[in-house]
Amino acid sequence: MLHHRLSIAIMIVVLLSMSGAALAQPAPVRLLHENIAISSGVHDGGPEEAIAFVHVFARPSAPWMRLHVSDAHLGRRSFIVLRSLRDNGEQRLDAISIEQWQNATAIFNGDRVMLELHVMPGDEGVFIDFDQMIYGEANERRRDVDGDGDDDGGIATMCGAD
């Protein structure tokens with residue numbers, strides 16, 4: 001009888017501890033998609049490096065965003081720089097790294113990301129097109145991920161400077 005009561009007490013403690021752990025799990029992140037049509041136009045390299053196109057992607061109140069590249073030709077040396085206007089997290093992509101990233105960017109904190117297309121001498125027909133913006137819900141629970149005391153929106157920018 002004592003053994004039976006002890007077994008029941010242990011099961012109750014185990015079940016209560018498991019339900020607390022389940023309640024402590026964060027809600028899943030909801031991904032939202034917006035179709036966009038942003039094109040840099042076609043550019044040829046001149047005598048020196050040039051920033052041929054600048055665009056700011058904006059999704060008001062989004063805690064984070066990621067962009068999808070539908071098509072690009074960056075030549076041998078041209079590249080893009082993407083920068084979060086919230087925390088200056090930055091990613092540089094060239095013709096090789098865009099393929100490695102499977103035509104997607106890093107995840108950036110905030111609701112605005114600036115794009116710069118850098119066209120290098122000798123490169124011809126350079127362009128980049130974007131067709132999708134992926135972002136988090138505006139009311140997504142926010143938290144300090146990187147430990148610097150500010151609210152990162154739950155995700156740390158995934159790239160630093162190259």
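If you're wondering where the values come from, they're calculated on a predicted model, not measured in any experiment. (Residues numbered from 1 in each chain as written. Predicted model: local features only at pLDDT ≥ 70, side-chain atom pairs only at ≥ 80, totals over all residues. Heavy atoms only, no water.)

(A) Structural context of the side chain of Ser40. Inspection of the secondary structure assignment puts Ser40 in the loop between strand E1 (31-39) and strand E2 (50-58). A relative accessible area of 7% places Ser40 in the buried class. A polar atom in the side chain of Ser40 sits 2.9 Å from the backbone nitrogen of Ile128. In this structure Ser40 touches Phe53, Leu117, Phe127, Ile128 and Asp129, once residues within four positions along its chain are discounted. (Helix = DSSP H or I, 4+ residues; strand = E, 2+ residues; numbered from the N terminus. Buried < 20%, exposed > 50% of the residue type's maximum accessible area, 1.4 Å probe, protein only. Polar contact = N/O pair within 3.5 Å; in protein donor to acceptor, adjacent residues only side chain to side chain. Contact = heavy atoms within 4.5 Å.)

(B) Local environment of the nonpolar core. Among the nonpolar cores identified, the biggest contains 24 residues, and Phe57, Ile80, Leu82 and Phe130 are the most heavily contacted of them. Elements with a contribution of two residues or more to this core: E1, E2, strand E3 (64-73), strand E4 (79-84), strand E7 (112-119) and strand E8 (127-136). Discounting chain neighbours no more than four positions away, the residues touching Leu82 are Leu67, Gly89, Glu90, Gln91, Leu93, Thr105, Phe108, Val113, Met114 and Leu115. (Core = buried A, V, L, I, M, F, W, Y, C linked by side-chain atoms within 4.5 Å.)

(C) Fine view of the confidence of the model for the protein. For the protein, per-residue confidence averages 83 on the pLDDT scale, and 68% of positions sit at 70 or higher. pLDDT under 50 marks residues 158-162. Its contacts with residues more than four places away, or in other chains, come to 10 contacts. (pLDDT = per-residue confidence, 0-100.)

(D) Fine view of the packing of aromatic side chains. By the definition in use, this model includes one aromatic pair. Centroid distance Phe57 to Phe130: 5.0 Å. Interplanar angle 65°. Geometry classified as edge-to-face. Of this pair, Phe57 sits in strand E2 while Phe130 sits in strand E8, placing them 73 residues apart in sequence. For Phe57, a relative accessible area of 2% translates into the label buried. Accessibility expressed as a relative area gives 2% for Phe130, which makes it buried. The side chain of Arg92 reaches across the aromatic face of Phe79, ending 3.7 Å from its centre. (Phe/Tyr/Trp six-rings, centres within 6.5 Å; stacked < 30°, edge-to-face > 60°. Lys NZ or Arg CZ within 6 Å of the ring centre and 35° of its normal.)

(E) Region of the structure containing the sheet that holds E8. Read across the open sheet, the four strands follow the order E1-E8-E3-E6; overall the sheet is antiparallel. At either end of the open sheet lies a strand with only one pairing partner, and these are E1 and strand E6 (108-109). Where E3 lies against E6, two bridges are found, and the strand directions are antiparallel. The partner of Trp64 across the bridge, within E6, is Asn109. (Pairing = 2+ DSSP bridges.)

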